[in-house]
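The chain contents come next:
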Amino acid sequence: MTYLTNPLCDPYLVLIKVYGGGKFLKQAMAETPVEPLNKDRTVKICYGVLEKDVYLEHIIGANAKKQPKAAIKLILKIALYMREFMQKHDYMVVDFAVQLTKKLGKDGAAGFVNAFLRSYKIPPLPAKTDEALSIECSAPLWLVKKIRRSYKGETREILSTPSQGVCVRFVSGKEEYISKPHIKTPFDNAYIFENFTRDENFFTGAYTFQSVGSIAICAAISPCQRLLDACAAPGGKSVLLAEKCGEITSTELHPHRVELIKQYASRMGIKNITAAQADATAFNPDFENAFDAVLCDAPCSGTGVINENPDIKLFRKEGDVAELCKIQLEILSNCSRYVKSGGTLYYSTCSVLPEENDSTVYGFLQLHPEYALVKPVSQLPHRQTPFGLQFLPHISLGAGFYLAAFKKQ
């Protein structure tokens, strides 16, 4: 049998930019030409390898006498994923892996790749609970320890609950699509599909892709006349909130992200959003006491959305969390100056870590007695925390988000 293409090639070309170039997977996918006919397979492999990275490292570390060089290790990870999780024929995967090794000019490693893939064994999990969970859930050990301290026996579910699919929010014409298998969310016109192929109706604004957690945050925000959406890119929350607020000001730190907001609003036909460049930690006197409501969707660890963004597990480090908490408190404190008397300040993250959520809120309240905590409500299943709402992947349709709200006295 003759194989026209090597199924490991396109995943390798994408993932080498992630592992070797530090790029996020979505960016690497967007800038890498891949064979259209097999794009779905390439996407599945790329996401799968990153999702199972710790587990694949465990197999390689237990079977290789010394760590392979980066390119060879990546070939092994792709091949292992295809064999262990896609049930591809063993001999085909081995042959393709060897071919790719040679194609990359690494003929000297071809024998090692061949021997490894023909003889490797799945090693047992270590006896220690955290280490075993780290490998089993394929999550960094530091993250396992943090989540287990907060959520105890739910750690495995939080880390291992897969994405429920693609959440689509319809503006019109949903009848054309909802005959396909789907999960109905608690929100009007929002459905989760296992697969959803974008078509021309996307570009005319008939629907958009928006996570159920993001929709839940917007649904919990009360209608008002003037709202500031700080840290707003790519603009999904601003666009949805524009349906129930008179004027939206959407700010972002970087100019290219401001353009994302403008493009999103334009595609959806929204006219009441003004996008501007601004640093959410730096005071803008023009904004002082100017808004009925302010949403601070703060930069965070992203630990609540690793099921949709597995590269977070690769790039996020434990030391990042403390720095992010500092920035979150700075953003909240600064943006609190923009709320009118009697107005509402909202704080949201896509994190499941309490230090980024309740702890940040507690710190803010200690510094700002002019604000009183109010409890938002949500139709999406969640946990009530001492200071807000915590959405968790295993109870909230895959979403790991947090929301707190404050009323300015």
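Remember, predicted model here, so these are calculated numbers, not experimental data. (Residues numbered from 1 in each chain as written. Predicted model: local features only at pLDDT ≥ 70, side-chain atom pairs only at ≥ 80, totals over all residues. Heavy atoms only, no water.)

## Focus on unusual backbone geometry
Next up, step 1: Following alanine 233, the chain continues to proline 234 via a peptide bond in cis, the omega torsion being 5°.
Next up, step 2: For proline 234, the position within the fold is in the loop between β5 (224-230) and α13 (236-241).
Next up, step 3: Even without being glycine, cysteine 231 reaches a positive phi, approximately 55°.
Next up, step 4: In this structure, cysteine 231 sits in the loop between β5 and α13. (Helix = DSSP H or I, 4+ residues; strand = E, 2+ residues; numbered from the N terminus.)

## Concerning the pattern of salt bridges
Opposite charge on two side chains makes pairing possible when the charged atoms of those side chains draw close.
Next up, step 1: Tallied over the full model, the rule gives 18 salt bridges.
Next up, step 2: Notably, a salt bridge pairs aspartate 130 with arginine 148, separated by 2.4 Å at the nearest N-O pair. Remark: arginine 148 occurs in helix α9 (residues 141-151) and aspartate 130 occurs in helix α8 (residues 129-136); sequence separation between them is 18 residues.
Next up, step 3: When its relative accessible area of 10% is taken as the criterion, aspartate 130 is described as buried.
Next up, step 4: By relative accessible area, which is 34% here, arginine 148 ends up partly exposed.
Next up, step 5: Here lysine 340 makes a salt bridge to aspartate 292, at a shortest N to O gap of 3.5 Å. In this pair, lysine 340 is assigned in strand β9 (residues 339-349) and aspartate 292 in strand β8 (residues 291-297), connecting sequence segments 48 residues apart.
Next up, step 6: Residue lysine 340 is classed as partly exposed on the basis of its relative accessible area, which comes to 31%.
Next up, step 7: When salt bridges that share partners are traced, they join Asp53, Glu57, Lys73 and Lys77 into one network. (Salt bridge = Lys/Arg side-chain N within 4 Å of Asp/Glu carboxyl O. Buried < 20%, exposed > 50% of the residue type's maximum accessible area, 1.4 Å probe, protein only.)

## A few points about the nonpolar core
Next up, step 1: In this structure, Ile147, Leu159, Leu227 and Ile273 are the most contacted members of the largest nonpolar core, which totals 57 residues.
Next up, step 2: Beyond its immediate stretch of four places on either side in the chain, isoleucine 147 contacts Lys152, Thr155, Ile158, Leu159, Val352 and Leu353.
Next up, step 3: The next biggest cluster of nonpolar side chains, apart from the first, holds 43 residues, and it includes Tyr12, Ala79, Val94 and Leu100. (Core = buried A, V, L, I, M, F, W, Y, C linked by side-chain atoms within 4.5 Å. Contact = heavy atoms within 4.5 Å.)

## A short note on the environment of glutamine 27
Next up, step 1: The topology assignment puts glutamine 27 in helix α2 (residues 25-31).
Next up, step 2: Spatially, the C-alpha atoms of glutamine 27 and lysine 17 are 9.2 Å apart, while their sequence positions differ by 10 residues.

## Examining the packing of α8 against α9
Geometry of a packed helix pair, given as the angle between the helix axes and the separation of the axes.
Next up, step 1: Remark: α8 packs on α9, axes separated minimally by 9 Å, with the N-to-C direction vectors making an angle of 115°. What the angle tells us is that α8 and α9 run roughly perpendicular. For the element pair α8 and α9, the recorded crossing hand is right-handed. Taking contact as the criterion, the partners of Asp130, Glu131, Leu133 and Ser134 in α8 are, on α9, Leu141, Val144, Lys145 and Arg148.
Next up, step 2: Tallied by class, residues from the contact of α8 with α9 come to 3 nonpolar, 1 polar and 4 charged. (Axes fitted to C-alpha atoms, helices over the stretch in contact; angles between N-to-C directions. Parallel < 35°, antiparallel > 145°, perpendicular 65-115°, else oblique. Left-handed = near helix turned anticlockwise from the far one by under 90°. Nonpolar A, V, L, I, M, F, W, Y, C, P; charged D, E, K, R; others polar.)

## Examining helix α4 (residues 53-63)
Next up, step 1: Along α4, the positions that sit buried rather than exposed are Asp53, Tyr55, Leu56, His58, Ile59 and Ile60.
Next up, step 2: Buried residues in α4 make contact with α1 (9-19), α3 (39-51), α5 (70-85), α7 (110-119), α8 and α15 (311-315).

## Details of the sheet that holds strand β1 (residues 166-170)
Next up, step 1: Ordered by their spatial adjacency, 4 strands build an open sheet running β2-β3-β1-β4, and the pairing between neighbours is antiparallel. Of all strands in the sheet, those bounded by a partner on one side alone are β2 (182-184) and β4 (207-209). Taken pair by pair, the neighbouring strands of this sheet meet at an average axis angle of 30°, ignoring direction.
Next up, step 2: One ladder, built from 3 bridges, connects β2 with strand β3 (residues 190-193); its direction is antiparallel. Looking at β3, one finds that histidine 182 is bridged to phenylalanine 193. (Pairing = 2+ DSSP bridges.)

## Here's the deal with the state of the cysteines
Next up, step 1: Throughout the structure, instances matching the rule amount to 0 disulfides.
Next up, step 2: Cysteine 350 supplies the cysteine sulfur nearest to cysteine 137, a cysteine that is in no disulfide, at a spacing of 19 Å.
Next up, step 3: Of the residues examined, cysteine 137 reaches a relative accessible area of 6% and is grouped as buried.
Next up, step 4: Unpaired in terms of disulfides, cysteine 325 finds its nearest cysteine sulfur in cysteine 300, a separation of 10.0 Å. (Disulfide = S-S within 2.5 Å.)

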